[in-house]
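Residues per chain, in single letters:
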There are 2 protein chains.
Amino acid sequence: MLMSHYIDIMKKAGVKFTRPRKLVLDALQAAKQPLSIKEIHKRVRNKADLASVYRTVNLFQDLGIVREVQFGEGYQRYELIGEGQHHHYVLCIECGKLEDIDICLLDRVEKMTNFKILSHSMEFQGLCHSCAG
Amino acid sequence: MLMSHYIDIMKKAGVKFTRPRKLVLDALQAAKQPLSIKEIHKRVRNKADLASVYRTVNLFQDLGIVREVQFGEGYQRYELIGEGQHHHYVLCIECGKLEDIDICLLDRVEKMTNFKILSHSMEFQGLCHSCAG
DNA sequence: TTCTAATTGCAAATGGTTTGCATTGCTTGT
DNA sequence: ACAAGCAATGCAAACCATTTGCAATTAGAA
Ligand SMILES: [Mn+2]
Ligand SMILES: [Mn+2]
Ligand SMILES: [Zn+2]
Ligand SMILES: [Zn+2]
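Note that the structure is a prediction, hence the values are computed from the model and not measured.

**As for the coordination of the manganese ion (ligand 2)**
Residues and elements named next belong to chain B. Bound to the manganese ion (ligand 2) are the protein donor atoms His86 (NE2), His88 (NE2), Cys104 (SG) and His120 (NE2), situated 2.0 to 2.1 Å from the metal. Motif for the manganese ion (ligand 2), donor spacing along one chain: H-x1-H-x15-C-x15-H. With a relative accessible area of 1%, His88 lands in the buried category.

**A closer look at the sheet that holds strand β3 (residues 77-80) of chain A**
Residues and elements named next belong to chain A. Taken in spatial order, the three strands of this open sheet run β1-β3-β2, and their pairing is antiparallel. The sheet is open, and its two borders are formed by β1 (35-36) and β2 (66-69), each paired with just one other strand. Strand direction decides the pairing type here: β1 and β3, joined by two bridges, are antiparallel. In the sheet register, Ser36 faces β3, and the bridge partner there is Arg77. Each of β1, β2 and β3 is contacted by helix α2 (residues 19-30), which is oriented at about 85° to β3, the strand it contacts most. Sheet strands touched by helix α4 (residues 50-63): β2 and β3. Its angle to β2, the strand with the most contacts, is close to 110°.

**Description of the coordination of the zinc ion (ligand 3)**
Residue and element names in this part refer to chain A. Around the zinc ion (ligand 3), the protein supplies Cys92 (SG), Cys95 (SG), Cys128 (SG) and Cys131 (SG) as donor atoms, at distances of 2.1 to 2.5 Å. Counting residues between consecutive donors of the zinc ion (ligand 3) along the chain gives the motif C-x2-C-x32-C-x2-C. Of this pair, Cys92 sits in strand β4 (residues 88-92) while Cys128 sits in the loop between β6 (116-127) and α6 (129-132), placing them 36 residues apart in sequence. A single burial state applies to Cys92 and to Cys128, both of which are buried.

**Considering the interface of chain A and chain B**
The interface is formed by 33 residues belonging to chain A together with 33 residues belonging to chain B. With both chains or domains summed, chain A and chain B bury close to 2,900 Å², and 66% of this area falls on carbon and sulfur atoms. Considering only the surface of chain A that becomes buried against chain B, Ile103, Phe115 and Phe124 of chain A emerge as the three largest contributors, covering 23% of it. Of all the secondary-structure elements, those providing two or more residues to the side of chain A that touches chain B are β4, β5 (98-101), α5 (106-113), β6 and α6 of chain A. It is β6 of chain A that contributes the most residues to the side of chain A that touches chain B, twelve residues altogether. Tallied by class, residues from the side of chain A that touches chain B come to 18 nonpolar, ten polar and five charged. For β6 of chain A and strand β6 (residues 116-127) of chain B, the ladder comprises eleven bridges, and the chain directions are antiparallel. For Lys116 of chain A, the partnering residue across the bridge sits in β6 of chain B and is Leu127 of chain B.

**Some points on unusual backbone geometry**
With a phi close to 70°, Asn114 of chain A is a non-glycine residue in the positive phi region. Here Asn114 of chain A lies in the loop between α5 and β6.

**Brief notes about the nonpolar core**
Core analysis: the largest hydrophobic core is formed by 24 residues, its most contacted members being Leu105, Met122 and Phe124 of chain A together with Leu105, Met122 and Phe124 of chain B. Mapped onto this core, the elements with two or more residues apiece are β4 and β6 of chain A together with β4 (88-92) and β6 of chain B. The residues touching Met122 of chain A, leaving out its near neighbours within four places in the chain, are His88, Tyr89, Ile101, Ile103, Cys104 and Leu105 of chain A together with Leu105, Ser121 and Met122 of chain B. In this structure, Met10, Val24, Ala31 and Ile37 of chain B belong to the second largest nonpolar core, which totals 19 residues.

**Regarding the domain arrangement of chain A**
All names here are of chain A. Taken domain by domain, chain A consists of domain 1 (3-80) and domain 2 (88-132). Computed over C-alpha atoms, the centres of domain 1 and domain 2 are 21 Å apart. Counting residues at the interface gives seven residues for domain 1 and eight residues for domain 2. A combined buried area of about 690 Å² lies between domain 1 and domain 2, and 57% of that area is made up of carbon and sulfur atoms. Across the contact surface, domain 1 and domain 2 share one salt bridge.

**A look at the packing of aromatic side chains**
All names here are of chain A. Within the structure shown, the criterion is met by two aromatic pairs over all chains. With 5.9 Å between their ring centres and 90° between their planes, Phe71 and Tyr89 make a pair best called edge-to-face. Highlighted residues: Phe71 in the loop between β2 and β3 and Tyr89 in strand β4, separated in sequence by 18 residues. We classify Phe71 as buried; its relative accessible area is 6%. Judged by relative accessible area, which is 6%, Tyr89 ranks as buried.

**A short note on the protein's contact with DNA strand C**
Surrounding DNA strand C, one finds 21 residues, the nearest of these being Thr18, Arg21, Ser52 and Arg55 of chain A together with Tyr54 of chain B. Each atom of DNA strand C within 4 Å of the protein belongs either to a base or to sugar and phosphate, the latter forming 64%. Within the side chain of Lys16 of chain B, an N or O atom sits 3.3 Å from a base nitrogen of DNA strand C. At 3.4 Å, a backbone N or O of Gln76 of chain B approaches a phosphate oxygen of DNA strand C. Elements that contribute at least two residues to the surface near DNA strand C include exactly α2 and α4 of chain A together with α3 (37-42) and α4 (50-62) of chain B. Each residue belonging to the surface near DNA strand C can be placed in one class, and the counts come to eight nonpolar, five polar and eight charged.

Rules and cut-offs
Residues numbered from 1 in each chain as written. Chains lettered and ligands numbered in written order. Predicted model: local features only at pLDDT ≥ 70, side-chain atom pairs only at ≥ 80, totals over all residues. Heavy atoms only, no water. Donors = N, O, S within 2.8 Å, 3.2 Å for Na, K, Ca; no water. Buried < 20%, exposed > 50% of the residue type's maximum accessible area, 1.4 Å probe, protein only. Pairing = 2+ DSSP bridges. Helix = DSSP H or I, 4+ residues; strand = E, 2+ residues; numbered from the N terminus. Contact = heavy atoms within 4.5 Å. Axes fitted to C-alpha atoms, helices over the stretch in contact; angles between N-to-C directions. Buried area = accessible area lost by both parts, 1.4 Å probe. Nonpolar A, V, L, I, M, F, W, Y, C, P; charged D, E, K, R; others polar. Core = buried A, V, L, I, M, F, W, Y, C linked by side-chain atoms within 4.5 Å. Domains from an automatic or database assignment. Salt bridge = Lys/Arg side-chain N within 4 Å of Asp/Glu carboxyl O. Phe/Tyr/Trp six-rings, centres within 6.5 Å; stacked < 30°, edge-to-face > 60°. Near = heavy atom within 4 Å. Polar contact = N/O pair within 3.5 Å; in protein donor to acceptor, adjacent residues only side chain to side chain.

Shown next, in the form of structure tokens:
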């Protein structure tokens, strides 16, 4: 996704496109896995404060730029959402291997329940083929 | 699920069936929704310490007696698992309405990914029909 | 460039969860 | 019934992710 896309979203929302926000965006774009706050902060050390990373990620969530991914590690992870897309994962708790599963039940659940779904999580944890032995 | 079922599990695991553990079990059995630690503790006040509630719930998780439910509230919820069963939910963030969705992708994901899945979360948050307007 | 509200950095606070340790309570063997 | 040994508890302190107050800085409109 182009940087200009996210700048547009912020402009439309009437918030400033600041240095910390660009840095967090860069970090998330460079990553190929959902990042924790600590990981984002590490990729941005001495450029943006930890509190700013938190505030930025929360803002991005409100703006629909990032999505929270729950791996049950005791903290959250975040990934960019590109044009209405997002992923769901299966994680090996032994070796950390992460696989994308191409399923999303959003539409099905909206129809089935008559809810307007605003967010959802659907993540699996277990042992990959190698680690299961 | 019968209390004896859970007692058996604890016996097999070689852990004691103590008063706090019975209290937490009772609270979870009486509940018709996943409970937070705070809610369990409230239902058990002056009978079991908060730390014991935490320790008990963690033990029950290890024993496969309870399952963590993630509603993204900033803390965890727990529900009893009866004989290989568990639920997935859609939650209205406005009025708190909770609906059970009768879908589980465990088997499908295990086959698709060749992982041995040990835990998973699949919860949806949004607005129910009344609250969406 | 100037001006001002939005944003940041830093430090302190918060809140859920875990942990250390002395005490209590089972359980087993005598 | 008693004692010994180990497990589990209560209480307080620690931990750690996240939030917040506030003074200083900065984006971006005028
Ligand atoms: Mn989805
Ligand atoms: Mn399931
Ligand atoms: Zn693995
Ligand atoms: Zn509702």
